[in-house]
Amino acid sequence: MEKNMTENENFNQKIISAAEEREKWFDNVELPKLLEDYRLHFSCLRNIFDNLVKRSLVVPDPYKNDSRVTEISLPETSSFADNERSIVLGIRLSQYETMLDYVCNFMKFSVSQLDNGKIKKMIELNNTFSWANLSVNSTRPNTRALAIVMNELKSGVQPIVQSLLKDSVSKTQTAMAEIDSGLKNLADFQRERYKIEIRKRVFANPSFSKEKAFASSGSLVGEIKRLFPSCIPGKPFNNELVSELVAEETSPEKEKLQNSLYERLKVKEAQEEKKPTIDTHAIIMDALRILASTGEQFNAIAEKVNLNHEIFQSEKKTLKDTILRFLRNIFGLEEPPVSYDIFITDKRTETKKKETIKYNEFYANLLKKSRVYASFISPNSPGYKKADSQNDSAILEYLNKQMVENNHIFAQLYGLDEFFKNTSKTVDRSKIKGLSMELMTIKNIVVKFNQKRAEYLSYVEEQEQMKKLGIS
């Protein structure tokens, strides 16, 4: 009896120490990774959602920002009619996005905070859409509807956008598999923590009778039940987990059970992985292709800007203007230059300054950007091949120059959009085409571009440091 008690005490100390190390591993390694996986999924979802909204395939919930989120609430998963798809799916995607925002930015990812109740809610939230089986034949209404609109979306966008959407779905599928696996492991560990609490608080209590408890499994259950309410107040008594603990302490197979438990809790030392060779040229070319995907948006913007320009100019036409235009058309003469005085916002100072846009030059520049960027879309195009033959520093210099130019153009477009909306006659304002959707799409693409450019710079800096240290 005394020998068994000593063995049990030694095992409990060993298992408590292993559990403490495992908790540190979860808090410092596994859960931060889990949070990054959620953030990656969140970013991919936003890209997908923004594109669906742009194509009017779904309608976002207009009230999604009205309520304050303090805990996870699950979007609806019930069936709905096909003619309600754009509205119902839009609302459910909005709710799902809001919950992901809460998970990524407001929940604390630690063992002490993520109990099994929260883990269950997170798993249920993950199952709002079956990302691993995004099929139009899915039996789950949300998944089926999302698959249908995704197919419609892919059929109407440029290849680069299709590639970005495919990449978002692929990254989401990988991230969700990692998340589900991590949450399952955490749930298993929380079960063991429950048993560890009993070992730490009940077994160590001065009133705990070791001689009586370890005499039989029934005696041990009795002692745990007797002291549990006072030693671990506020927690429910879990018969299943207590039975597991008792088997680990008194079962004829306890040695096997104890070894199995220790192996589950023990933190495995990470094997050093050989770093793969990074192709920085491929990364900078990916950045170029991402930026080039804005060409479609520049073309759409150019069309809207020109339509707004014609509406605005038609308001000022007199009979004389009509005759002069007719004569210019006959003799093939160019239209006289038109200028617009707009106000653009300086992002650094948040101040507005007046700027004059020479319309013909500005419009021609938009069309030129659209054409140039379109030439980089396909790897088989002459434009792409020419860029691919350049060295990385030349490509980076070109990209940096483009972003400086584009940032100014974006500011001009916001100013021009405001000008047309506010200056045109009231009767014509409903005809004016807003640019906010295209500008938002470009903004999202630029975010991805900047991430890829930062990735390239990070690898280049790392390689330079290694060269200085004589490592490569």
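Given the structure is predicted, the values throughout are model-derived calculations rather than measurements.

Colleague: Mind laying out the nonpolar core, listing which residues take part and the relevant values?
Modeller: If you look at the biggest cluster of nonpolar residues, it comprises 56 residues, and the most contacted ones within it are Tyr-38, Leu-52, Leu-93, Phe-109 and Met-122. Where this core is concerned, the elements lending two or more residues are helix H1 (2-54), helix H2 (85-105), helix H3 (116-126), helix H4 (141-154), helix H5 (159-202) and helix H9 (254-265). Per element, the largest residue contribution to this core is 16 residues, and it comes from H1. Not counting residues up to four positions away in its chain, the partners in contact with Met-122 are Tyr-38, Ile-72, Val-103, Met-107, Phe-109, Leu-114 and Leu-183. Listed in part, the 47 residues of the second largest apolar core include Ile-284, Ile-290, Phe-298 and Phe-362.

Colleague: Talk me through the side chain of His-41; I want residue IDs and the actual numbers.
Modeller: As for its position among the elements, His-41 is in helix H1. On the basis of relative accessible area, His-41 is assigned to the buried category, the value being 0%. Only 3.0 Å separates the side chain of His-41 from the side chain of Thr-172, close enough to count as a polar contact. Excluding anything up to four places from it in sequence, His-41 contacts Tyr-96, Leu-100, Trp-131, Thr-172, Ala-175 and Met-176.

Colleague: Tell me about the packing of aromatic side chains, residues and numbers included.
Modeller: Each aromatic ring pair is described using two quantities: the centre-to-centre distance and the angle formed by the ring planes. Using the criterion set out here, one finds 23 aromatic pairs in the structure. A connected cluster of aromatic rings, assembled from ring pairs, spans Phe-312, Tyr-340, Tyr-359, Tyr-363, Phe-419 and Phe-420. Directly above the aromatic system of Tyr-262 lies the positively charged group of Lys-14, at a separation of 4.1 Å from the ring centroid.

Colleague: Lay out the packing of helix H7 (residues 217-231) against helix H8 (residues 239-250) with the relevant residues and their values.
Modeller: Packed helices, taken two at a time, are described by the angle between their axes plus the distance between the axes. Interaxial distance between H7 and H8 falls to 10 Å at its minimum, and their mutual angle equals 130°. Accordingly, the angle class assigned to the pair H7 and H8 is oblique. Judged by the sense of rotation from one axis to the other, the crossing of H7 with H8 is right-handed. Facing H7, whose interface residues are Ser-217, Leu-220, Val-221, Ile-224 and Lys-225, H8 presents Asn-239, Val-242, Leu-245, Val-246, Glu-249 and Thr-250. Looking at the contact of H7 with H8 residue by residue, the class counts come to six nonpolar, three polar and two charged.

Criteria and cut-off values
Residues numbered from 1 in each chain as written. Predicted model: local features only at pLDDT ≥ 70, side-chain atom pairs only at ≥ 80, totals over all residues. Heavy atoms only, no water. Core = buried A, V, L, I, M, F, W, Y, C linked by side-chain atoms within 4.5 Å. Buried < 20%, exposed > 50% of the residue type's maximum accessible area, 1.4 Å probe, protein only. Helix = DSSP H or I, 4+ residues; strand = E, 2+ residues; numbered from the N terminus. Contact = heavy atoms within 4.5 Å. Polar contact = N/O pair within 3.5 Å; in protein donor to acceptor, adjacent residues only side chain to side chain. Phe/Tyr/Trp six-rings, centres within 6.5 Å; stacked < 30°, edge-to-face > 60°. Lys NZ or Arg CZ within 6 Å of the ring centre and 35° of its normal. Axes fitted to C-alpha atoms, helices over the stretch in contact; angles between N-to-C directions. Parallel < 35°, antiparallel > 145°, perpendicular 65-115°, else oblique. Left-handed = near helix turned anticlockwise from the far one by under 90°. Nonpolar A, V, L, I, M, F, W, Y, C, P; charged D, E, K, R; others polar.

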